[in-house]
Amino acid sequence: MQPEVPLPTVLLIALGVLTVGLGAWALLRRDRPAAPWLRYLWTFLAVLNVAAWWSFVAAVWLLALFSFRTLREYFSLVDIRLEDRWGILGAYLSIPFMTILIQVDWYGFFIVSIPVYAFIIVPFLVVLGGREAKGTVFSIGAIDFGLFLFVYCMGHLGYLLLFRVTWATLFIGGVALANAVEALVIGDRPISVRRGVGMLAIAVPITMAGAVAVQPYTEFALGHSLGIGALIPTLVLAGSYTVTAIERDLGIAPDALAPGRGQVIHGTRAYLFAAPIVFHYIRYFLEE
Amino acid sequence: MSGHWRSPRLWVHLLVLRPLLRLVFGVTVVGKENLRDLDRFVLVANHNSHLDVLLLYTIVPVPHLVRTSAVVARDYFARFPRLVKVLEYLFRPVWVDRVQKDTDPVSEIIGRLDAGENIIIFPEGTRGDPGRLQEFKTGIGRVLAARREVPVVPVHLFGPERSFPRAAPVPLPLWNHVTVGPPQLVRGERHEITATLQRAITDIERTVSAGRHRRTERPRRTRLVAVLGIDGSGKSTLSRRIAEAVSVRGRVGWVGDTLTLFEGGAPQDLQPLQTERLREWMGQQAKQAKSLAHYKIPKLTELLLRDRVVEETRRWYAPVLTVTDGSPLLNMTAWAVLYREEYFTEEFCGRAVAIMSSRGERLGARDPLLKQFPELRVLLRLGLNRLSLPDAVLFLDVPPAVALERIASRGERQQVHETEEKLTKLADAYRLLCRVLVEQYGVPTLRLDGRRPLDDVVAEAIAFVAAAEGNG
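Residues numbered from 1 in each chain as written. Chains lettered and ligands numbered in written order. Predicted model: local features only at pLDDT ≥ 70, side-chain atom pairs only at ≥ 80, totals over all residues. Heavy atoms only, no water.

1. Details of the overall build of chain B
When you go through chain B residue by residue, the secondary structure sums to 18 helices and 14 strands. The proportion of buried residues among the 472 residues of chain B is 53%. Restricting the contact set of chain B to residue pairs at least 6 apart, pairs at least 24 apart contribute 72%. Of the roughly 23,000 Å² of accessible surface on chain B, a fraction of 53% belongs to carbon and sulfur atoms. (Helix = DSSP H or I, 4+ residues; strand = E, 2+ residues; numbered from the N terminus. Buried < 20%, exposed > 50% of the residue type's maximum accessible area, 1.4 Å probe, protein only. Contact = heavy atoms within 4.5 Å. Areas by Shrake-Rupley, 256 points an atom, 1.4 Å probe, with all protein chains shown as cover.)

2. Thoughts on the overall build of chain A
When its secondary structure is counted, chain A shows 11 helices and 0 strands. Secondary structure of chain A in N-to-C order comes out as α-α-α-α-α-α-α-α-α-α-α. Looking at chain A as a whole, 50% of its 288 residues are labelled buried. Once local pairs closer than 6 in sequence are excluded, the contacts in chain A between residues at least 24 apart make up 77%. When the accessible area of chain A is evaluated, it comes to approximately 13,100 Å², of which 71% is carbon and sulfur surface.

3. Points about the environment of Leu184 of chain A
All names here are of chain A. Following the sequence through the fold, Leu184 ends up in helix 7 (residues 165–185). Assessed through its relative accessible area of 71%, Leu184 is described here as exposed. Spatially, the C-alpha atoms of Leu184 and Met199 are 8.6 Å apart, while their sequence positions differ by 15 residues.

4. Details of helix 6 (residues 139–146) of chain B
Residue and element names in this part refer to chain B. For helix 6, the full list of buried residues reads Ile140, Gly141, Val143 and Leu144. Within helix 6, the buried residues cover an arc of 160 degrees as seen down the axis, which keeps them to one side. Tucked inside the fold, the buried residues of helix 6 contact strand 2 (42–45), helix 5 (105–114), strand 5 (118–121), strand 6 (152–158) and helix 8 (190–208). (Arc of directions from axis to C-beta.)

5. A few points about the side chain of Arg40 of chain B
Residues and elements named next belong to chain B. Along the chain, Arg40 falls in the loop between strand 1 (27–30) and strand 2. At 4.2 Å, Glu149 is the nearest oppositely charged side chain to Arg40, a buried residue that forms no salt bridge. Separated by 2.7 Å, the side chain of Arg40 and the backbone oxygen of Leu113 make a polar contact. (Lys, Arg positive; Asp, Glu negative; His and termini not counted. Salt bridge = Lys/Arg side-chain N within 4 Å of Asp/Glu carboxyl O. Polar contact = N/O pair within 3.5 Å; in protein donor to acceptor, adjacent residues only side chain to side chain.)

6. A few points about the sheet that holds strand 8 (residues 223–228) of chain B
Residues and elements named next belong to chain B. With mixed pairing, the 7 strands of this open sheet are ordered in space as 11-10-9-12-8-13-14. What marks the edges here is a single partner per strand, and that holds for strand 11 (266–267) and strand 14 (445–449). Where strand 8 lies against strand 13 (residues 392–397), 4 bridges are found, and the strand directions are parallel. The residue bridging Val227 from the neighbouring strand is Leu394, located in strand 13. (Pairing = 2+ DSSP bridges.)

7. Here's the deal with the packing of aromatic side chains
This structure, assessed with the given rule, holds 28 aromatic pairs over all chains. Ring plane angle 45 degrees and centroid distance 5.3 Å describe the contact between Tyr295 of chain B and Trp335 of chain B, whose orientation is recorded as tilted. With a gap of 40 residues between them, Tyr295 of chain B in helix 11 (residues 292–316) and Trp335 of chain B in helix 12 (residues 328–339) connect regions that are remote in the sequence. With respect to class, Tyr295 of chain B is no different from Trp335 of chain B; both count as buried. For the ring pair Phe395 of chain B and Tyr430 of chain B, a centre distance of 6.0 Å and an interplane angle of 55 degrees mean the geometry is tilted. Placement of Phe395 of chain B in strand 13 and of Tyr430 of chain B in helix 17 (residues 420–441) is noted, with a sequence separation of 35 residues between them. Neither residue differs from the other here; Phe395 of chain B and Tyr430 of chain B are each classed as buried. Across from the ring centre of Tyr107 of chain A, 3.9 Å away, lies the NZ or CZ of Arg283 of chain A, which sits over that ring. (Phe/Tyr/Trp six-rings, centres within 6.5 Å; stacked < 30°, edge-to-face > 60°. Lys NZ or Arg CZ within 6 Å of the ring centre and 35° of its normal.)

8. Description of the sheet that holds strand 7 (residues 176–180) of chain B
The pairing of strands in a sheet comes from backbone hydrogen bonds and takes either a parallel or an antiparallel form. Residues and elements named next belong to chain B. With mixed pairing, the 7 strands of this open sheet are ordered in space as 1-7-6-2-5-3-4. The open sheet has two free edges, formed respectively by strand 1 and strand 4 (94–96), since each of these has just one partner strand. Going from strand to strand, the sheet's axes swing by 20 degrees on average, the running direction of each strand aside. By the bridge criterion, 3 bridges tie strand 2 to strand 5 in an arrangement that is parallel. When the sheet's bridge partners are listed, Val44 is paired in strand 5 with Ile121. Where helix 5 meets the sheet, its contacts fall on strand 2, strand 3 (68–73), strand 4 and strand 5, and the angle it forms with strand 4 comes to roughly 170 degrees. (Axes fitted to C-alpha atoms, helices over the stretch in contact; angles between N-to-C directions.)

9. Quick notes on the pattern of salt bridges
Residues and elements named next belong to chain B. Across all of its chains, the model carries 26 salt bridges over all chains by this definition. Glu346 is paired through a salt bridge with Arg435; the nearest N and O atoms lie 2.8 Å apart. With Glu346 in helix 13 (residues 346–356) and Arg435 in helix 17, this residue pair connects regions lying 89 residues apart in the sequence. Its relative accessible area of 25% is what places Glu346 among the partly exposed residues.

10. Observations regarding the interface of chain B and chain A
Contact with chain B, which involves 28 residues of that partner, is made by 27 residues of chain A. Of the roughly 2,300 Å² buried at the junction of chain B and chain A (both faces included), carbon and sulfur atoms supply 55%. The tally of links from chain B across to chain A stands at 0 salt bridges. Taken together, chain B and chain A are joined by 14 residue pairs in polar contact (both at pLDDT 80 or more). Elements that contribute at least two residues to the side of chain B that touches chain A include exactly helix 1 (8–24) and helix 7 (160–163) of chain B. Looking at the side of chain B that touches chain A, the element that brings in the most residues is helix 1 of chain B, giving 3 residues. Class assignment of the residues belonging to the side of chain B that touches chain A gives a composition of 16 nonpolar, 6 polar and 6 charged. (Buried area = accessible area lost by both parts, 1.4 Å probe. Nonpolar A, V, L, I, M, F, W, Y, C, P; charged D, E, K, R; others polar.)

Right, here's the structure in full:
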């Protein structure tokens, strides 16, 4: 049962209404800056709408461009040596490499593209570029990790888009919901056990109820709907918690976000952990 | 003013260069409003990369774009004639030849300013080491001193030194931050102008690069401070007092007659090391020696063992500082002077230190140094040439007569070398060594007058140690 208007458009309109509302709220209360996680929700919804109305290929390459943006910000912040330049170039080039594999739906190669091929080629390039061996381990670690988190994890969203645009849309919606709850419950304060449990206690029932409510769109069984509903907020919390520490190490200040200074990383951190795991859940249990 | 819209040059900048820079590299501009209401300006920026001039053109307000010229080095680009044509078109540069110096760029820049144009200039003159600001050339001061009514805008570029440094063959997509400082009207003469501009850019740099990610550095070896002096000069007491005082900041090892660790100003309980016991016994043997010939071997062994204790302290107890009463390396060199003082010059002395601390110095089979210091051959053969060179040296200078008096008042048995003649020679040897250390090794050295009250000497020594630590 597919409705007349694609789901991404519905969500886009909903987000528009929400933003206008929040904008009015921010105007009324000058001291509250706009939520950083909302900024990149627009980007994701734009990608989804391109996929829904126009072409999947264009959408997946837009997503690749966005991955490039995130990875570029990460490399701009992390302490790299002059010797690492070829390795970093290799890391950038593995974005189109992976994207082509999504585009042609070659799952077996996609899933090993970065964890096998890029993770072998990048260290090789790092060592090729280096006359100095000192710092090689840290460089390889930093480059490979950034590649994994900001390209490979994000790539799973593209593959989900290939399965069904509706699924990807609902995934983004679920993450946004969990993000909103996190922003309300925790905000910019450090994540403690109490706050984390509090956030889950509120977010899990909401996303579970949401997943059950959209069953006509997803065509998931009740148990799986509940499972994904519980999975999304948990992974959002874990991802935010982990990336917070990374941000602090990189010198990203949540109160002074700017492009090139952690804005993209901060805005997308909730999606990074959730995307691959929800994707594999769906692929293993639900995709026919 | 409205005619500039018809210039194709403007559209190349607006439609090609600016979007390309933003898409590939990413640009953040802070303080763009500082350029808003100026009718003419000079942009001054740090220079690290070929991207710099492109980045500066992205912040130039659109009405100014067609009448802005950059100062570019011709001698570098002359190798690429096609590129010169592109640059000629895009930036209408003021060419500077750093090799032939046949043109006077200053008068040309002033001419362009008078014609109502804006100037982009990199006062460093060359791209230099990535991320390090070099001394500004005074050409900028000459220009501004001649045209004081033109506002100068300091700009700091952060990022090009990583995205396209001098050593790299290709640029990498990495983010660039452009920070525009407030426009200034200059005052003073040209050196002053240059210096203030350099300071303005350094100030911006400090704010922009605060909190950058840095990999943790490897823990440095703890620093070693040696107190030299003849017997009876009070070096043992002085070194102990220094260790006590510094230990407020952390653990300090003191290698005197015994090894003691100080923490928080108080000595810590410690089981004596095996090496230390051995060293003590050797020390006794040396003290009981009846002639200088009998004194030599036990003393040499004692010094070698003492160095071993120093090494073990630094290795196993990880102190922030190790203070030693004497220094095995330097004492041994000084003793060599004492035995064969006739030929010992600064050069010999420096080479002996280099060999014993294994600093890449070679010793030939018939080296004249061996004549002066035959024990070196044995030391080398036994692999005992890795003695530690102190990071800072204090020399406690006391007249030998005073020192002998002090020794007598201790009531100990007088050692064979403790005569006024030998002690004078030893003090001279230490002085020679201190000169060598400063001149050849850059080790900070301080001479202290041992006749002054102890508290004054200690205070001066502690201040010196703190300063030496800060430098390293």
